[in-house]
Amino acid sequence: MQQTAEIGYNSKVEGEVIVTRADAALNWCRKNSLWPMPMGLACCAIELMAAGASRFDISRFGSEVMRFSPRQSDLMIVAGTVTYKMALAVKRIYDQMPEPKWVIAMGACASTGGMYRSYAVLQGVDNIIPVDVYVAGCPPRPEALLDALIKVQNKVAKEPLLSTQWKTP
Amino acid sequence: MTSLELADKLKSQFPTLISDPSEFRGEITVQISDANQMAEVCRFAKHTLLFDYLVDLSSVDNYGDDPRWTLVYELYGLGHHCHLRLKANLSEEVGELPTVSDVWRTANWHEREIYDMMGIRFRGHPDLRRILMWEGYPYYPLRKDFPLAGKPTDLPDVAFSNPAPLEGGPFVTVAGGKDTLAREPRVRLPDADSPAQSAFSKP
Amino acid sequence: MSVHIQDIQFKEPSARIKETLQSPPPAASRASDDLVDVQGEKMVLNLGPSHPATHGVLRVILEMDGEIITKATPDIGYLHRGDEKIAENMTYTQFIPYTDRLDYLGPLANNVAYVLAVEKLMGIDKLLTPRCQYVRVICCELARISAHLLGLGAFAMDVGAMTVFLHTFQEREKIYDLCESLTGARFTTTYTRIGGLSRDLPDGWVAQCRKFLDEVVINFDESETLLTRNRIWVDRTKGVGIIPKAMAIDYALSGPNLRGSGVNFDLRKAHPYLVYDQLEFDIPVGSVGDCYDRYLVRMEEMRQSVRIIQQCLDALPGGSVNIPDGKVVLPEKGKVLSSMEELIHQFILVTQGVNAPAGEIYFGAENPKGELGFYINSRGGGTPHRMKIRAPSFVNLSILSELLPGHLMSDTVSILGSLDFVMGECDR
C-alpha cells in the first residue's frame, strides 16, 4: 500500500495553529539564520569562500550572510592559522560579538596549530576563545564545514533559552 | 654581456674589496671583504653595471663560526638579464652595516625583515622596525640558537607566546647517534639549556 | 547661488594632495577662518587585520585628510608562521607540503618552483624526464588560471561586482576537480617530488582537462563582458593606483604587477625553465600601470595559460615521470618489499632525505603572483642550512606606503584588489 507523507509543515492540519515550546520555536528561528563572522586567516579561508560560492552554497543552510562586522554575527568561523600576533585581535573580535555566539575552529591550524609547530603560531584557537565544533582537515573540504555548521545548528536547537537563564554573568 | 664579465668589471672598480668570482650551478658569486662598503658597491653595481633590480636580500647565521652573519644580495639587471650574487660577512660584535634602501627602495622591507629575524642592524635605514613579529618581541627567531618551538613572552594587550609542543612534530634523523633517541630526536635543540628542553622533557 | 563649474571639478588625486600639503592655511588667519577644520585635521583609520578588502590579514594604518590618504603604513606579519625556521628543521622533501600553504591560491606552482630550486642545488634539473617537465608546466599554468580567477573574483567583489566572483568560482571548482583527481586534494596538493612527481596523470585526466579548457575560455569571455567595458568598473580602476615603470622596477615588483606597468619581463621567457622555451605564448604588457591595466594583464595571462596547456597536452610525451635514480626518487613500493637495494634506498631517503651538496643557489620561478624565489644555503646533507623564500606578495606589498597616499579611501580597495597578494606567502 502506498503511503504519502507531507514534507514540511502543513498549516491546515491543526487549523493554522501550531503548538510547541517557546524554546523550540525561538531556537528553530535562531538555528536557521546563523550569520557567520568569517575570520578568514589563511588557506582555510579559501575553502570557506568555496563553501559560500557557487557549488556548495552555504545559503542552503541559512548562513550565507557573511558579516565582516562582529556586531552582526552569531557564529565565528576561525578559518586558518592563528598566530600569536593575530591572537589577541581574534579574541577582541570574538568579544565584540553579541551573545549568544558560537565558534567553529576550521582546520587543523585553528584546532591545534596543525603542521605549524613553531615559535609564531598559537597552538589552537581554544587557548583564547571557547570552541563549539572542531573541523579536521588541512584544509577541510567545504562539505566538512557544512557538516560542522549543521552540528552547530543541532547544538543551537537544544540550547535552553527561556526555561533556564541563558547565561549567568 | 655575461654575469662573469660584470663581476670582473666590479672587481676592477674595487680591486681590494672584491674577491674573485666563484661559480656554482651557473651562478656567479662575489664576496665583499668589508661589509661597510656594501652600499658603495651596490650603488656602483646599480648605476654603472645596470643591476637595476634587487631580487632578494637575505642573511645567513653561521652559528659557531666567526664572523657570524653573512648577508646575501641577489642582483639582477632587466636590461642585460644577468644575475649576480654579492656576499658580505659581518661579525656579531659589529652587527651593523649600511643600508641599501636608498639604492633600491625594495630593500627597505627586506632589511626590516633581516633585522626582525636575525637582529642585524642597517645604518641609515629610514624605518628600522620589526616587520613580521610584533614590536616588543624580545628574540630574533631565525638565529640558530633560538629553538623552533619558541620561548615564552608576554606583552600585555599586544601579544603573548608560548613554546610549541614538538613531540610528534617535525624531526630529522641525525646519523651516528648511539640510540634511536639520539638518531631521531623529536626536535633539534640548538641549546641544551633552552626552555624548550625542559618543556620537551616533561612527560 | 550660482556654482561655477571650476569650483567642483575633480582633480587628479596626486594634485589634490599636493595642494593640501603645500598650502596650509596661514597661521594668523586660523582663528577667524571657519573653514579651517575642512583641511588640516588628520584622522587615523585602521584598515585590517580583519577586513574584507585586505584579502587576509593585512593591516594598513591610514592617515586621512578627509577622504584623501596622506600617509599609509602597512603592518604585516599577522600570518607569520615561521616557514623558514621550519625548513631548517626538516628534510627537503618534508618541506614540500609547506610550500602548498605559501600562495594557497596556486599551490601546484609553488610545489614546482620549490622542487626546481632543490633540483638546481643538486644539479639534476637537466635530468628531468620530458613527461615530468610537461606535466609540471601544465600544473603551473592550471595554478595560474586558478589564482588569477580568484584574484579577479575577489577584486571584482571588493569593487562591488558580486556576480563575477560566483562566475569565477564556478571555474575554480573545475580546477579543484582536476587537482583532486591528480593529487587527491583540492588545493593542498603536495604533488611534486624531488626528481619527479608523486604520481603520473590518472586515466582520463587529459580528456577532462581539455574539456575544462574549452569551458573556461567561455567563462573568461563572460567575465570580460561583465567587467571590461562596465562603466562602474572602469571608473573605479582606470587611472587609479598608477605605478610608473621606474617605480615598479625600483620596488622590484614582479609578475602581472610589473608587467602592468609596461615592463616586459617574464621569467618564463627571460630564463626559460622546464619546457617553456619550446612553447608558444605571449606576454601581455600594460601601458599605464593602473589597476585597469593590471586587470587586463591578468585576463590575458589566463588566455595564454590555456594556450600553453593545450600545447602541452598535444605534445605530452610518454614514459616515466621520475628520474631513474634511487638516491633521489623513492622506489616503487612493490620493489621495496622484495628487493634489498630498493629497500636501502627507501630507508635512506625517508630517514635522511636526499643528499644535497654544499653550496648555495637562488632559483626564481614565474608564479601567478610574481617571482617566487628560493635561496637555499646548503652545507650538505638532507636539510638546508638556511632557506630564504623570496615571496612576490611581500615585495609587491612594500610599494603600498608610496602608492596609497594621494588616493581616496575608496581607491584603496581597488588598489589592494589589483595588487592581488596572498598573506600566507607575504608573511611566510
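None of these values were measured; they are calculated from a predicted model. (Residues numbered from 1 in each chain as written. Chains lettered and ligands numbered in written order. Predicted model: local features only at pLDDT ≥ 70, side-chain atom pairs only at ≥ 80, totals over all residues. Heavy atoms only, no water.)

Visitor: Break down the overall build of chain B for me, with residues and values.
Guide: Assigned secondary structure in chain B consists of 5 helices and 9 strands. The order of α-helices and β-strands along chain B, N terminus first, is α-β-β-α-β-β-β-β-α-β-β-β-α-α. Out of the 203 residues belonging to chain B, those deemed buried represent 53%. Carbon and sulfur atoms make up 50% of the accessible area of chain B, which amounts to about 8700 Å² in all. (Helix = DSSP H or I, 4+ residues; strand = E, 2+ residues; numbered from the N terminus. Buried < 20%, exposed > 50% of the residue type's maximum accessible area, 1.4 Å probe, protein only. Areas by Shrake-Rupley, 256 points an atom, 1.4 Å probe, with all protein chains shown as cover.)

Visitor: Just give me the short version of the interface of chain C and chain A, but keep the residues and values in it.
Guide: Tallying the contact residues gives 35 residues for chain C and 31 residues for chain A. At the boundary of chain C with chain A, total buried surface from both sides reaches about 2800 Å², with 65% on carbon and sulfur atoms. Of all residues in chain C, the largest losses of buried area upon contact with chain A belong to Y78(C), R81(C) and R186(C), amounting jointly to 21% of the total for that side. Between D75(C) and K85(A) there is a salt bridge, and its shortest N-O distance comes to 3.3 Å. Summed over the shared surface of chain C and chain A, the result is 12 residue pairs in polar contact (both at pLDDT 80 or more). Mapped onto the side of chain C that touches chain A, the elements with two or more residues apiece are helix 2 (83-88), helix 3 (96-100) and helix 6 (162-183) of chain C. For the side of chain C that touches chain A, the element with the most residues is helix 6 of chain C, which contributes 10 residues. Each residue belonging to the side of chain C that touches chain A can be placed in one class, and the counts come to 17 nonpolar, 7 polar and 11 charged. (Contact = heavy atoms within 4.5 Å. Buried area = accessible area lost by both parts, 1.4 Å probe. Salt bridge = Lys/Arg side-chain N within 4 Å of Asp/Glu carboxyl O. Polar contact = N/O pair within 3.5 Å; in protein donor to acceptor, adjacent residues only side chain to side chain. Nonpolar A, V, L, I, M, F, W, Y, C, P; charged D, E, K, R; others polar.)

Visitor: Account for the sheet that holds strand 2 (residues 27-32) of chain B, naming residues and giving values.
Guide: Two pairing modes exist for strands in a sheet, parallel and antiparallel, and in both the strands are linked by backbone hydrogen bonds. Residues and elements named next belong to chain B. Spatially, the 5 strands line up as an open sheet ordered 1-2-5-4-3, and their pairing is mixed. With one partner strand each, in any of the chains shown, strand 1 (22-24) and strand 3 (53-61) form the two edges of the open sheet. The average angle at which neighbouring strand axes cross in this sheet is 25°, direction not considered. Both strand 2 and strand 5 (residues 83-90) contribute to a ladder of 4 bridges, which runs parallel. Note on strand 5: the bridge partner recorded for V30 is L86. (Pairing = 2+ DSSP bridges. Axes fitted to C-alpha atoms, helices over the stretch in contact; angles between N-to-C directions.)

Visitor: If you had to explain the interface of chain B and chain C to someone new, which residues and values would you point to?
Guide: Tallying the contact residues gives 52 residues for chain B and 54 residues for chain C. Across the interface of chain B and chain C, roughly 4400 Å² is buried in total on both sides, 54% from carbon and sulfur atoms. Taken as a group, Y53(B), R105(B) and W109(B) account for 17% of the area that chain B buries against chain C, more than any other trio of residues on that side. Inspection of the chain B/chain C interface yields 25 residue pairs in polar contact (both at pLDDT 80 or more). For the side of chain B that touches chain C, the elements supplying multiple residues, two or more each, are strand 2, strand 3, strand 4 (69-76), strand 5 and helix 3 (107-118) of chain B.

Visitor: Can you break down the packing of aromatic side chains residue by residue, with the values?
Guide: Taken as a whole and assessed by the stated rule, the structure comprises 23 aromatic pairs over all chains. Centroid distance Y53(B) to Y76(B): 6.4 Å. Interplanar angle 75°. Geometry classified as edge-to-face. Residue Y53(B) is found in strand 3, and its partner Y76(B) is found in strand 4; the two are separated by 23 residues along the sequence. For Y53(B), a relative accessible area of 0% corresponds to the buried category. Note on Y139(B) and F146(B): the rings are 5.6 Å apart at their centroids and 40° apart in plane angle, and the pair reads as tilted. On the basis of relative accessibility, which here comes to 25%, the residue Y139(B) falls in the partly exposed class. Residue class for F146(B) comes out buried when judged on its relative accessible area of 4%. Here a set of aromatic residues connected by ring pairs shows up, and it is made of Y116(A), F95(C), Y98(C), Y114(C) and F374(C). (Phe/Tyr/Trp six-rings, centres within 6.5 Å; stacked < 30°, edge-to-face > 60°.)

Visitor: Help me get a handle on the side chain of E366(C), residues and values and all.
Guide: Residues and elements named next belong to chain C. Inspection of the secondary structure assignment puts E366 in strand 6 (residues 356-367). The exposure class assigned to E366 is buried, which follows from its relative accessible area of 2%. Discounting chain neighbours no more than four positions away, the residues touching E366 are R144, G255, R259, D266, L267, R268 and Y273.

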